[in-house]
Amino acid sequence: MKFKKLTLNIHLWLGLASGLVVLIVGLTGCFLALQDEIEVYSKPWLFVKHQNTVQLSASALTAKLNAKLKAENDTLKAKVTSVQYPGPGRSASIRYSTGPKKTFRAYINPYTGQIIKNGKQKDDFFGFMEHGHRFLWLPMEIGRPIQGSMILAFLVLMITGIVLWWPKRWTKNARKKSLALDFKVSPKRLNYNLHNVLGFYMTFVMLFIVITGLCMSMKWFHSGVYWLTSGGKQLKEFKAPLSDTAKITAEVPFQITHVDSLWFAHKKQYPAEAGFSFNFPSEKKSAFVEVINPAPETSYRREFRYYDRYTMQDISSKSARSGTYSQASFADKIRKMNVDIHMGVVGGIGTKILAFLASLFSATLPVTGFIIWWGKRKKKNNPKVRRRHVREPIPA
């Protein structure tokens, strides 16, 4: 009984402390879980009609963009920082700048070169949701540790919740109360059942979501999970490979034709649905980065390739991200799948819906839990409902 009481106190106070953060993270997670499905309707410029023709090269798309910019202003010219080909039936996108702090993104039909949308980069609805989900709409250095600490508290809440849920005896009546919802009860009892019974079922889904989320929020937690899954190995700190500045032959900008040659060569080696992303070096020491995703509906199969910006020599072997998913160790496969497990995309639309429901329900737990606590508090402080055990006087 002492252990049960201690567990109840831990569950209560951690729940009160983390409730608001869990509510925010849960609600924002609902929208992010189904982001791809919502964007089909909310962002039509991301999609184009698939055509059985060769897509235009990056240099050809950039020429189309520069022609449009020149028509608007003779002095404007795009300084490209990235080119993305998300896959068949999707718009190509070019991120570029026209001056300091003037960053734009253009969405272009890769089959025709038509510019579908072009504008300044800014957070949209899902960017707003993601900022709240990860940083509680606070500066990153403040929001991340608060969010991470409260979600760690939520992990403890799930464990203590299972302990409190566990019946003293597995009788037929106990199983019915612990595993089944009865809607023919008072609102107060129904609220308790929603918190208790649904909390038990959703815990098994939320454990995966919370643990993978903590791996993204807390470096020490991620290292600990990697240590456990690898049998005691240390997680290598990621450091992007650098270009060799000794190979500089002239002060010339990075050529977009490098994208053309890599894209034409590699798209023959991968499935037709593969997506490609090319990120240009931002500094003299930076490397040129190519990201290839054989299956764009997930992210764990992505391959990161790094090239010296001056010689275009492949320097991928110097990166902890080198190699394919199939070549990775068990621990590295788990690490690569972390985001997909967290977002629920590993099993398609079915696991996405499960992640959505789990996030939605996790947001209700602080509310139902607070109602339970407030009801007991009112009952405890109300003298009319206090039970007093007074011994009857013995008749003479």
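Residues numbered from 1 in each chain as written. Predicted model: local features only at pLDDT ≥ 70, side-chain atom pairs only at ≥ 80, totals over all residues. Heavy atoms only, no water.

### Quick word on the sheet that holds strand β6 (residues 288–293)
The sheet built from seven strands is open, its strands ordered β4-β3-β2-β1-β5-β6-β7 with antiparallel pairing. The two strands at the open ends of the sheet, each matched to only one other strand, are β4 (115–120) and β7 (303–307). In this sheet, adjacent strand axes meet at a mean angle of 15° when their direction is disregarded. Alignment of strand β1 (residues 79–85) against strand β2 (residues 92–99), held across five bridges, turns out to be antiparallel. Each residue of the ladder has a partner; that of K79, found in β2, is S97. Docked against the sheet, helix α3 (residues 58–72) engages β1, β2, β3 (102–108) and β4, running at close to 50° with respect to β2. (Pairing = 2+ DSSP bridges. Helix = DSSP H or I, 4+ residues; strand = E, 2+ residues; numbered from the N terminus. Axes fitted to C-alpha atoms, helices over the stretch in contact; angles between N-to-C directions. Contact = heavy atoms within 4.5 Å.)

### Things to note about the packing of helix α6 (residues 172–179) against helix α7 (residues 187–217)
As a packed pair, α6 and α7 sit with axes 8 Å apart at the nearest point and diverge in direction by 90°. Judged on the interaxial angle alone, α7 and α6 are roughly perpendicular. Across the interface between the two elements, K177, S178 and L179 of α6 pack against R189, V197, F200 and Y201 of α7. Split by residue class, the contact of α6 with α7 holds four nonpolar, one polar and two charged. (Parallel < 35°, antiparallel > 145°, perpendicular 65-115°, else oblique. Nonpolar A, V, L, I, M, F, W, Y, C, P; charged D, E, K, R; others polar.)

### Overview of the pattern of salt bridges
In a structure, side chains of opposite charge can pair up when their charged atoms sit close to one another. Applying the stated rule across the entire model yields eight salt bridges. A salt bridge links K352 to D36, with the shortest nitrogen-to-oxygen separation between them at 3.3 Å. On the criterion of sequence distance, the pair formed by K352 in helix α12 (residues 349–381) and D36 in helix α2 (residues 35–42) is long-range, its members being 316 residues apart. The exposure class assigned to D36 is partly exposed, which follows from its relative accessible area of 43%. We note a salt bridge from E130 to R134, for which the minimum N-O separation is 3.6 Å. Taken as a pair, E130 and R134 lie in helix α4 (residues 125–135) at a separation of four residues, close to a single helical turn. By sharing partners, the salt bridges in this structure join D36, E37 and K352 into a single network. (Salt bridge = Lys/Arg side-chain N within 4 Å of Asp/Glu carboxyl O. Buried < 20%, exposed > 50% of the residue type's maximum accessible area, 1.4 Å probe, protein only.)

### Observations concerning α7
Along its 31 residues, α7 runs just 37 Å from first to last C-alpha, ending more than 12% under the 45 Å computed at 1.5 Å per residue. In α7, a bend of some 45° at T203 exceeds every other bend along the element. (Expected span 1.5 Å × (residues − 1). Bend = angle between axes of the 7 residues up to and from the residue.)

### Here we look at the packing of aromatic side chains
This model, assessed by the stated rule, comprises 20 aromatic pairs. With a centroid separation of 5.0 Å and 25° between ring planes, the pair formed by F128 and W137 is classed as stacked. Overall, F128 belongs to the partly exposed group, its relative accessible area being 43%. Considering the side-chain rings of F370 and W374, the 5.9 Å spacing of their centres and the 15° angle between planes classify their relative orientation as stacked. Highlighted residues: F370 and W374, both in helix α12, separated by four residues, approximately one helical turn. For W374, a relative accessible area of 37% puts it in the partly exposed group. Each residue in the set Y270, F276, F278, F280, F288 and Y307 is aromatic and connected to the rest through ring pairs, giving one cluster. Directly above the ring of F304 sits R321, whose terminal nitrogen or CZ lies 4.5 Å from the centroid. Cation over ring: K333 sits above Y325, and NZ or CZ is 5.4 Å from the ring centre. (Phe/Tyr/Trp six-rings, centres within 6.5 Å; stacked < 30°, edge-to-face > 60°. Lys NZ or Arg CZ within 6 Å of the ring centre and 35° of its normal.)

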